[in-house]
Amino acid sequence: KSPLGIAERRLMAARLKRCVVRRRDGPEQHGVAASCLRELRDKACGVLAIDKAKEPITLVLAEDGTIVDDEDYFLCLPSNTKFVALTKDEKWSSKSLDSGTSWLSESVDEVDSAAEKWKQLARQLKDDLSNIILMSEEDLQVLIDVPRSDLAEELAQSETKIQVLQDTLQQVLDRREEERQSRQLLELYLEALKTEDSILSKVAEREAAPRKEMDVVDTGTSSTGTSATTALSNQVLAALKEKPAPELCLDSQDLELVLKEDAAALASALGWDKQKAGALQEACDQELSKRLKQVQTLHSLRSTSKGKKTLPWGDWPSSKRKK
């Protein structure tokens, strides 16, 4: 035989995956080698003598009935995975459950199912250590809980190496738990952001609503009404009542509104006497004057730095007095 032919056959053999197939109710199982799902289906139909009229068949995992119809998933399965071939009129049933594999010599009736499971998982790692990433958290915990001596005997390794293996499995399990907790925290954080945005938007709407009312509410000086007879919003009235120095908390526009209010109407809205309301208006007037002087000084400095003549205060646009 030529070296080229031998090399081609070796390459082809490397691409093949060893599998075990059987019928749903048939005790006989057959070993086949296939490079893809389609080839496995064709070979399974041949070795199991499935009638053409009952094709196409469906391949499921013998241990839990998982349907295998994805090529990438098939390639990730370990060697010697056991399949059940179902015809068009057949369905997988737990009664036909057979979680044994071709490498197990023990009978299913003689081996405890829990022991068989960890042995199957151990053999998967023996074939390919990268199968760790395909194992569920439950499978990882099963291998971690296996006595070190038993696992060492099953894998034909020293107990020291088995200890390293179980430590690695525990690290993988811990990392998955951390990732789950991180995802949960991220979801809670995003939910909190949505809630906060909702609250802020509602507050902004409430703050904007009184501004609109101030454009249309009559600023009459009736002294017999409550806060509804004033041009002040509920937020401003609350600040005037609760803050120790409310004039420092209000913007210039609100200060002007407080000054425009009739002292008697303001006192009635706040539930104060007229003298206290007058003192409040005086404090607001002083604060507003102070702010206006600061703005005037700043404007003068800017005009001087640009070589421009400072405008008289009376020539300023009224909008700048509100800053």
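Since this is a predicted model, take the numbers as computed values, not measurements.

Applying the stated rule across the entire model yields 10 salt bridges. Arginine 24 is the partner of aspartate 25 in a salt bridge, and the nearest nitrogen-oxygen pair spans 3.1 Å. Residue class for arginine 24 comes out partly exposed when judged on its relative accessible area of 24%. Note that arginine 291 and glutamate 287 form a salt bridge whose closest N and O atoms lie 2.9 Å from each other. Of this pair, arginine 291 and glutamate 287 are both found in helix H11 (residues 274-305), four residues apart, which corresponds to roughly one turn of the helix. On the accessibility criterion, arginine 291 (15% relative accessible area) is buried.

Describing an aromatic ring pair means giving the distance of the ring centres and the angle of the ring planes. A complete count under the given rule lists one aromatic pair for this structure. Here lysine 17 stacks its cationic end above the ring of phenylalanine 74, 5.8 Å away from the centre of that ring. The positively charged end of lysine 276 is found above the aromatic ring belonging to tryptophan 272, 4.3 Å away from the centroid.

Our next topic: the packing of helix H8 (residues 234-242) against helix H10 (residues 263-270). Running from N to C, H8 and H10 point in directions that differ by 80°, and their axes come no closer than 10 Å. By the criterion of interaxial angle, the relationship of H8 to H10 is roughly perpendicular. The segment H8 lies against H10, with Leu237, Leu240 and Lys241 engaging Leu266, Ala269 and Leu270. When grouped by side-chain class, the residues that make up the contact of H8 with H10 number five nonpolar, no polar and one charged.

A few words on helix H2 (residues 37-47). Taken residue by residue, H2 has Leu37, Leu40, Ala44 and Cys45 as its buried positions. Each buried residue of H2 sits inside an arc of 130° when the element is viewed along its axis, so together they form one side. Turned more than 90 degrees off the buried face of H2, the exposed positions are Arg38, Asp42 and Gly46. Just downstream of H2, alanine 49 is the residue with a positive phi angle, here 55°.

Taken in spatial order, the four strands line up as S2-S1-S4-S3 in an open sheet, and their pairing is mixed. In this open sheet, the two edge strands, each paired with only one partner strand, are strand S2 (29-34) and strand S3 (58-61). Here the strands of the sheet are splayed against their neighbours by 40° on average, with no regard to which way each runs. With respect to the sheet, H2 is in contact with strand S1 (17-23), S2, S3 and strand S4 (81-86), its orientation differing from that of S2 by roughly 145°.

This next bit is on unusual backbone geometry. Here glutamate 55 and proline 56 are connected by a cis peptide whose omega angle stands at 5°. Secondary-structure assignment places proline 56 in the loop between H2 and S3. Despite not being glycine, alanine 49 has its phi angle at roughly 55°, a positive value. Note that alanine 49 resides in the loop between H2 and S3.

Bridging between S1 and S2 involves six bridges; their strand directions are antiparallel. Residue valine 21 lies in a different strand from S2, and its bridge partner there is histidine 30. The hairpin turn running from S1 into S2, its antiparallel successor, is five residues long.

Bringing H10 into the picture now. H10 sits mainly inside the fold: six of its eight residues count as buried. Within the span of H10, buried status applies to Ala263, Ala265, Leu266, Ala267, Ala269 and Leu270. Where H10 begins, the side chain of aspartate 262 points an oxygen toward the backbone nitrogen of alanine 264, at a separation of 3.0 Å. Count one or two residues on from H10 and you reach glycine 271, which has phi positive near 75°.

Examined against the element boundaries, glutamine 281 turns out to sit in helix H11. Judged by relative accessible area, which is 11%, glutamine 281 ranks as buried. Looking at glutamine 281, its side chain comes within polar contact range of the main-chain oxygen of valine 258, at 2.9 Å.

Within S4, six of the six residues are buried, which leaves it mostly tucked inside the rest of the structure. Neither face of S4 is exposed, since Thr81, Phe83 and Ala85 on one face and Lys82, Val84 and Leu86 on the opposite face are all buried. Where S3 meets S4, four bridges bridge the pair, whose relative direction is antiparallel. Residue pairing for S4: leucine 59 is matched across the bridge by alanine 85.

Right, let's talk about the environment of valine 20 for a bit. Within the secondary structure layout, valine 20 lies in strand S1. Linking valine 20 and alanine 33, residues 13 residues apart in sequence, is a C-alpha distance of 8.6 Å.

Thresholds applied
- Residues numbered from 1 in each chain as written.
- Predicted model: local features only at pLDDT ≥ 70, side-chain atom pairs only at ≥ 80, totals over all residues.
- Heavy atoms only, no water.
- Salt bridge = Lys/Arg side-chain N within 4 Å of Asp/Glu carboxyl O.
- Buried < 20%, exposed > 50% of the residue type's maximum accessible area, 1.4 Å probe, protein only.
- Helix = DSSP H or I, 4+ residues; strand = E, 2+ residues; numbered from the N terminus.
- Phe/Tyr/Trp six-rings, centres within 6.5 Å; stacked < 30°, edge-to-face > 60°.
- Lys NZ or Arg CZ within 6 Å of the ring centre and 35° of its normal.
- Axes fitted to C-alpha atoms, helices over the stretch in contact; angles between N-to-C directions.
- Parallel < 35°, antiparallel > 145°, perpendicular 65-115°, else oblique.
- Contact = heavy atoms within 4.5 Å.
- Nonpolar A, V, L, I, M, F, W, Y, C, P; charged D, E, K, R; others polar.
- Arc of directions from axis to C-beta.
- Pairing = 2+ DSSP bridges.
- Polar contact = N/O pair within 3.5 Å; in protein donor to acceptor, adjacent residues only side chain to side chain.

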